[in-house]
Number of protein chains: 2
Amino acid sequence: MLPFFIIKNIENKICFLSETDSRHAIKVLRMKNNDELTVINGFGLYGLAEIIDANPKKTKIKIGRIRQEKKPVHLGLAFCPTKSNDRNGLIIEKATEIGVTDFYPLTSQNSERRKWNFEKFNKVLVSAVKQSQQFWTPKIHEIQNYYNFISSNLGIDLKFLAHCKELKKNKIKELSNPMKSQLIVVGPEGDFTLEELKLAEENNFKMISLGQNRLRTETACIVGISIMKL
Amino acid sequence: MLPFFIIKNIENKICFLSETDSRHAIKVLRMKNNDELTVINGFGLYGLAEIIDANPKKTKIKIGRIRQEKKPVHLGLAFCPTKSNDRNGLIIEKATEIGVTDFYPLTSQNSERRKWNFEKFNKVLVSAVKQSQQFWTPKIHEIQNYYNFISSNLGIDLKFLAHCKELKKNKIKELSNPMKSQLIVVGPEGDFTLEELKLAEENNFKMISLGQNRLRTETACIVGISIMKL
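Here's what I pulled together on the structure shown here. (Residues numbered from 1 in each chain as written. Chains lettered and ligands numbered in written order. Predicted model: local features only at pLDDT ≥ 70, side-chain atom pairs only at ≥ 80, totals over all residues. Heavy atoms only, no water.)

Below, the discussion takes up the relation of the copies chain B and chain A. Turning one copy of the chain about an axis and sliding it along that axis gives the other copy, so a rotation and a shift relate them. For the pair chain B and chain A, the relating rotation is 180 degrees, the translation along its axis is 0.0 Å, and the fit reaches an RMSD of 0.0 Å. One copy is carried onto the other by what is essentially a two-fold rotation axis. Closest approach to the rotation axis among the C-alpha atoms of chain B is made by B:Ile227, whose C-alpha sits 3.0 Å away. In this assembly the copies share their binding face: 100% of the residues contributing to the interface of chain B also contribute to that of chain A. (Least-squares fit on C-alpha atoms with pLDDT ≥ 70 in both. Contact = heavy atoms within 4.5 Å.)

Put into structure tokens, the structure is as follows:
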């Protein structure tokens with residue numbers, strides 16, 4: 001498999017890898033002139049390219065014919081960021097690899113973190129996109145309030161919410177369908193309140209269970225997304 | 001939910017938490033005399049207990065009636081440990097939370113790591129068991145050779161192997177069944193060789209796909225286990 005690199009102006013025949021990417025290509029991957037790579041713009045355009053100057057600071061490449069990969073079906077993950085940014089990074093990295101298209105960070109009544117610097121996680125996301133060889137970069141939306149998000153018209157076919165309360169819940173594998181647009185909302189460590197759950201039900205969210213074990217937020221995100229994607 | 005603690009000799013009415021657990025209970029969770037906790041022995045025995053001396057070095061507890069939780073159905077994860085012990089730790093932590101009962105570290109032709117100090121990961125495992133509130137501690141088996149493992153009589157109902165080669169593969173969700181004993185084998189970053197895949201097929205392993213995205217070893221382990229468990 002050829003290594004993936006993201007290039008903004010992929011329509012130009014001749015362009016340069018960024019300084020970080022140049023170093024990675026030449027110093028880490030030890031690529032040389034005439035070696036091939038795949039370039040993507042993160043919005044579905046991709047093409048085969050060739051190194052014409054293996055400069056470790058500013059690698060020059062020549063891009064061949066550009067093609068368009070169709071946008072994947074919406075797979076949304078809404079979650080309340082945890083206290084630990086390591087664990088938030090893990091959510092972004094793993095869910096991107098698996099195929100999430102949209103991240104919706106939320107603040108809810110029991111949220112542990114209300115500020116969220118999404119710029120910080122863009123690096124993690126870009127690296128996961130390249131590593132897992134996808135053509136579209138997921139979007140991390142601005143952090144928003146649970147109430148506004150849940151009651152807004154999201155235009156998504158299948159909406160799920162995972163919580164730990166002992167209420168009637170569905171099996172996610174029986175309801176999910178990767179051919180339809182989907183969204184899962186995962187609660188904070190302190191769980192959603194009954195009031196929050198009521199609001200979600202009123203807005204056609206299906207309550208789902210992720211099994212009997214008590215999962216941490218980041219594990220619940222990864223497990224839910226895995227089942228919805230495959 | 002009451003916090004979980006592991007106690008070896010759970011049959012004794014009166015016992016002490018270990019020094020680490022005592023500190024955790026009293027200093028971190030701020031537990032006091034008469035506060036309740038759940039004690040497990042990691043082999044299915046559990047009971048309700050009460051703190052009778054909230055000593056942060058040696059907490060004394062009184063254990064109530066002991067019950068036996070039935071052993072969960074076998075859910076095995078065989079994988080080639082990665083170079084990075086952070087990522088190996090992640091496999092152990094997340095797969096334990098989700099419900100793996102047996103870990104089988106393997107060395108294969110393209111293994112990145114041939115030595116494996118499983119003691120190191122026991123802490124991660126114990127902490128994940130307590131956190132996810134399970135009654136049985138998974139077992140980390142000794143590291144073994146892929147050939148010996150695959151050709152041995154494992155006595156497992158459903159055996160899967162995930163690889164990245166473009167060969168005919170099955171959808172794991174169509175074959176897996178959490179009511180039966182199951183095992184998944186996940187390849188190293190360099191993948192299994194054709195010879196290794198042939199051996200697995202001869203030994204009734206079903207080749208499965210975990211979707212189109214190229215997943216890292218630790219992500220493949222977590223995704224596979226999620227689908228098999230739920």
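Turning our eyes to something else, we now look at the state of the cysteines. A complete count under the given rule lists zero disulfides over all chains for this structure. Unpaired in this structure, B:Cys80 has its nearest cysteine sulfur neighbour in B:Cys221, at a distance of 9.1 Å. (Disulfide = S-S within 2.5 Å.)

Next up on the list: unusual backbone geometry. One non-glycine residue, A:Asn34, adopts positive backbone phi at about 80 degrees. Take A:Asn34: it is sitting in the loop between α1 (19–28) and β3 (36–40). Although it is not a glycine, B:Arg30 adopts a positive phi angle of roughly 55 degrees. (Helix = DSSP H or I, 4+ residues; strand = E, 2+ residues; numbered from the N terminus.)

With that out of the way, let us pick up the sheet that holds strand β2 (residues 14–16) of chain B. All names here are of chain B. Pairing in this open sheet of five strands is mixed, and the strands run β1-β3-β4-β5-β2 from one edge to the other. Each end of this open sheet is capped by a strand with a single partner; those strands are β1 (4–6) and β2. Averaged over all pairs of adjacent strands, the angle between strand axes in this sheet comes to 40 degrees, irrespective of strand direction. Where β2 and strand β5 (residues 60–68) come together, three bridges link them in antiparallel fashion. Along β5, the bridge assignment pairs Ile 14 with Lys 62. (Pairing = 2+ DSSP bridges. Axes fitted to C-alpha atoms, helices over the stretch in contact; angles between N-to-C directions.)

Residues and elements named next belong to chain A. Taking 1.5 Å per residue as the helical rise, helix α2 (residues 85–98) with its 14 residues ought to reach 20 Å, and the 20 Å between its terminal C-alpha atoms agrees with that figure. Of all 14 residues making up α2, 11 are buried, and the element is well covered by its neighbours. Listing the buried residues of α2 in full gives Arg 87, Asn 88, Gly 89, Leu 90, Ile 91, Ile 92, Lys 94, Ala 95, Thr 96, Glu 97 and Ile 98. Capping of α2 at its N-terminal end is provided by Ser 84; its side-chain oxygen lies 3.3 Å from the backbone amide nitrogen of Asp 86. Just downstream of α2 lies Gly 99, where phi reads positive at about 130 degrees. (Expected span 1.5 Å × (residues − 1). Buried < 20%, exposed > 50% of the residue type's maximum accessible area, 1.4 Å probe, protein only. Polar contact = N/O pair within 3.5 Å; in protein donor to acceptor, adjacent residues only side chain to side chain.)

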